[in-house]
Amino acid sequence: MGVLFSILLWGLIAVIATIFPTLIVSLFSLIGNKEGRRRRLLRAVIGTPVAILSFLVSLLVLNIGLTTLTKTDNGIGDYYYVPLENGYRLSFIDALETSGYIERKDKTFLDNVTEIQMNDKKVYAHTGSSYYVLDTSTHQLTEISLPSDEIDLVSAKDFYHMRYRKMNRIGWIVIALISLAVSTCLTRTVSKFIR
């Protein structure tokens, strides 16, 4: 249900993001000489939605490709995750405000993770009552008293955001530029047909 709701929500946002700018651009196209007004209005009514929707659709498709490569969630649905090391990942269901869990190959290794940090191949986690260290290379999960002073645990939500940005920051810039180029080319092509 979460994926369907997300798709409907993003579809509604896309429609709203298309309708209002189209109306504004259409109103501005009516200003000026009567000569060419019809062509300006057609370009506004057709060109603006083409520009916006082609940008959003290419952004969505490229986002799915990027997140598949970086093994992070794509923002559609209610399952969030970022990779750790050696096939492990920090995952959340429904919301990032809830505690997360560490899993590998759909097997949960540690549940109710409220704080986490990664150092080399080791993941340090706090579950509210206990501290753990997971050696991702040996797959050993060990309960510890406290992590060393060198390990600064952060909330699982903050760790998710930091890790997600680290994995996708450059990719997002690239896909935004590609989407802008696709939108520009498609809009120019459509505008040439409007006389």
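This text follows the structure it describes.
Draft legend 1. View of helix 2 (residues 37-70). With 34 residues, helix 2 extends 48 Å between its outermost C-alpha atoms, agreeing within 8% with the 50 Å of an ideal straight helix rising 1.5 Å per residue. Of all bends in helix 2, the biggest is about 25°, found at Gly47, and the proline Pro49 comes one to four residues later. Among the residues making up helix 2, those that are buried are Ala44, Gly47, Thr48, Pro49, Ile52, Ser54, Ser58, Leu59, Asn63, Leu66, Thr67 and Thr70. Note on helix 2: the residue one or two positions beyond its end, Lys71, has a positive phi of about 60°.

Draft legend 2. Molecular detail of the sheet that holds strand 4 (residues 107-113). Taken in spatial order, the four strands of this open sheet run 1-2-3-4, and their pairing is antiparallel. Lying at the two open borders of the sheet, with one neighbouring strand each, are strand 1 (79-83) and strand 4. For this sheet, the mean inter-axis angle between neighbouring strands, taken without regard to orientation, is 25°. Across four bridges, the pairing between strand 3 (residues 100-104) and strand 4 is antiparallel. Bridge pairing in strand 4 places Glu103 opposite Thr108. Helix-sheet contacts for helix 3 (residues 156-193) involve strand 1, strand 2 (88-93) and strand 4, and the interaxial angle to strand 1 is about 65°.

Draft legend 3. Structural detail: the packing of aromatic side chains. One pass over the structure, following the stated rule, counts five aromatic pairs. With 6.4 Å between their ring centres and 80° between their planes, Tyr80 and Tyr160 make a pair best called edge-to-face. Taken together, the residues Tyr80 in strand 1 and Tyr160 in helix 3 connect sequence positions 80 residues apart. Three or more aromatic residues joined by ring pairs form one cluster here, namely Tyr80, Phe92, Tyr160 and Tyr164. The aromatic ring of Tyr88 is capped on one face by Arg104, whose charged end is 5.5 Å from the ring centroid. Here Lys107 stacks its cationic end above the ring of Phe109, 5.0 Å away from the centre of that ring.

Draft legend 4. View of the pattern of salt bridges. Throughout the structure, instances matching the rule amount to three salt bridges. In this structure, Glu85 engages Lys121 in a salt bridge whose closest nitrogen and oxygen atoms are separated by 3.4 Å. One end of the pair, Glu85, is in the loop between strand 1 and strand 2; the other, Lys121, is in the loop between strand 5 (115-119) and strand 6 (122-126), and 36 residues separate them in sequence. When its relative accessible area of 38% is taken as the criterion, Lys121 is described as partly exposed. Between Arg89 and Glu103 there is a salt bridge, with its nearest N and O atoms 3.1 Å apart. Taken together, the positions of Arg89 in strand 2 and Glu103 in strand 3 put the pair 14 residues apart, joining distant regions of the chain.

Draft legend 5. Seen up close, helix 3. Taking 1.5 Å per residue, 38 residues should reach 56 Å; helix 3 reaches 52 Å between its end C-alpha atoms and fits that length. Its axis deflected by about 50° at Asn168, helix 3 carries its strongest bend there. Restricting attention to buried positions, one finds in helix 3 the residues Ala156, Phe159, Tyr160, Arg163, Tyr164, Asn168, Gly171, Ile175, Ser179, Ser183, Thr187 and Ser191. On its buried face, helix 3 is in contact with helix 2, strand 1, strand 2, strand 4, strand 5 and strand 9 (154-155).

What counts, and at which threshold
- Residues numbered from 1 in each chain as written.
- Predicted model: local features only at pLDDT ≥ 70, side-chain atom pairs only at ≥ 80, totals over all residues.
- Heavy atoms only, no water.
- Helix = DSSP H or I, 4+ residues; strand = E, 2+ residues; numbered from the N terminus.
- Expected span 1.5 Å × (residues − 1).
- Bend = angle between axes of the 7 residues up to and from the residue.
- Buried < 20%, exposed > 50% of the residue type's maximum accessible area, 1.4 Å probe, protein only.
- Pairing = 2+ DSSP bridges.
- Axes fitted to C-alpha atoms, helices over the stretch in contact; angles between N-to-C directions.
- Contact = heavy atoms within 4.5 Å.
- Phe/Tyr/Trp six-rings, centres within 6.5 Å; stacked < 30°, edge-to-face > 60°.
- Lys NZ or Arg CZ within 6 Å of the ring centre and 35° of its normal.
- Salt bridge = Lys/Arg side-chain N within 4 Å of Asp/Glu carboxyl O.

In short, geometric facts, not functional conclusions.
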